[in-house]
Amino acid sequence: MTDSNKTPRLLLLLDILAGLGVLAAFLLVMLYAPIELTMGRVQKVFYFHVAASWSGMLGFLVATVAAIAYLKTNDLRWDIASLAGVEIGMVFIALGIISGSIWARPVWNTWWTWDPRLTTTLIMELIYSAYLLLRGGVDDPVRRAKLSAVYAIVGFTSVPLTFISIRVFRTIHPVLVGSSDPSLGTFAMSPRMQAAFFGSLAAFTLLFIALYWHRYRLGSAQSAVMQKRMEIEAGGEQ
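Note that the structure is predicted; figures quoted are calculated from it, not measured.

Turning to the confidence of the model for the protein, a few remarks are in order. Across the protein, pLDDT averages 87, with 87% of residues at or above 70. Confidence, expressed as mean pLDDT per element, reaches its minimum in the protein at helix α6 (residues 158-168) with 81 and its maximum at helix α2 (residues 45-73) with 96.

In structure tokens:
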């Protein structure tokens, strides 16, 4: 293994910090945060549900920024960066959907309902699933990168729509952040709840950065292998 292929020390440190952060967040949620009076113990899923959803949307934001950078520079490294953001974002959004269903079952007495927030989240996940299908259907790297960049930028409109859906549409999903209106299903977080909440957000953000960096390095390695293969095939045809 060459030095260029070794995992950077900063990434190794980030892996350790992310692992410790997730463990600390788990302990904060399970042992430090109090049990919510109305929903009981199942409310503790909220901390991971919000953190996972936040990390997923962060991934889509990074993918969009990278897509814009690609269209400006035509540098395929930005295409790799955009793809990494989409893939990691989709994983976290899937975790958000699953954890939300676990939270909803005892509270709403159903695993799923076509509530505006749930529906827009599912649509957002499907939009980015189509992004991956689009990439799989185009062989030329440059054309694939351009189409993917445009799609990523357009597809990002689903992210703010998902975020504001509980504030614009009639919904049973609680507005947990940014509102104190009891009619919107919010609950007041005590200082210990806030510590667990922001601790979870920080831990999942570190985890996202670590996973994103790993995925980008993997994508770069795959691109280098593909480029080498094309050079060998071109040399053999001569």
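Still to come is the rest of the account.
With that out of the way, let us pick up the side chain of E125. Its place among the elements puts E125 in helix α4 (residues 116-136). Non-local contacts of E125, meaning those with residues more than four positions away in its chain, are made with F60, M90, I93 and A94.

Our focus in this paragraph is the layout of surface pockets. Its boundaries defined by the atoms lining it, the second largest pocket holds a volume of some 540 Å³. In terms of lining residues, the second largest pocket is bounded by 20 residues, among which D79, R135, P141, R144 and S223 are the most central. Listing elements by their share of the lining of the second largest pocket, those giving two or more residues are α3 (76-108), α4, α5 (141-155) and α7 (191-237). Residue classes in the lining of the second largest pocket are distributed as 10 nonpolar, 4 polar and 6 charged.

On the surface, a cluster of nonpolar side chains totalling about 700 Å² of accessible area is made up of I16, L20, L23, F26, L27, M30 and L31. Examined against the element boundaries, F26 turns out to sit in helix α1 (residues 9-32). Among the residues examined, F26 registers a relative accessible area of 41% and is labelled partly exposed.

A few words on the packing of aromatic side chains. Applying the stated criterion across every chain yields a total of 12 aromatic pairs. Arranged with centres 3.8 Å apart and planes meeting at 5 degrees, the rings of F60 and Y128 form a pair that is stacked. Here F60 is found in helix α2, whereas its partner Y128 is found in helix α4, with 68 residues between them in sequence. By relative accessible area, which is 0% here, Y128 ends up buried. Taken together through their ring pairs, the aromatic side chains of F26, F48, F92, F204, F208 and Y212 make up a single cluster.

Along the polypeptide, R135 turns up in helix α4. Setting aside residues no more than four positions away along its own chain, R135 makes contact with D79, L83, R144 and S148.

What counts, and where the lines are drawn
Residues numbered from 1 in each chain as written. Predicted model: local features only at pLDDT ≥ 70, side-chain atom pairs only at ≥ 80, totals over all residues. Heavy atoms only, no water. pLDDT = per-residue confidence, 0-100. Helix = DSSP H or I, 4+ residues; strand = E, 2+ residues; numbered from the N terminus. Contact = heavy atoms within 4.5 Å. 1 Å grid on protein atoms, 1.4 Å probe; cavity = no way out; pocket = protein on both sides within 12 Å on 5 of 7 lines; lining within 4 Å. Points joined across faces, edges and corners; volume = space filled by probe spheres on them. Nonpolar A, V, L, I, M, F, W, Y, C, P; charged D, E, K, R; others polar. Patch = residues over 30% accessible without salt bridge, like charges linked within 9 Å, V, L, I, M, F, W, Y side chains within 5 Å. Areas by Shrake-Rupley, 256 points an atom, 1.4 Å probe, with all protein chains shown as cover. Salt bridge = Lys/Arg side-chain N within 4 Å of Asp/Glu carboxyl O. Buried < 20%, exposed > 50% of the residue type's maximum accessible area, 1.4 Å probe, protein only. Phe/Tyr/Trp six-rings, centres within 6.5 Å; stacked < 30°, edge-to-face > 60°.

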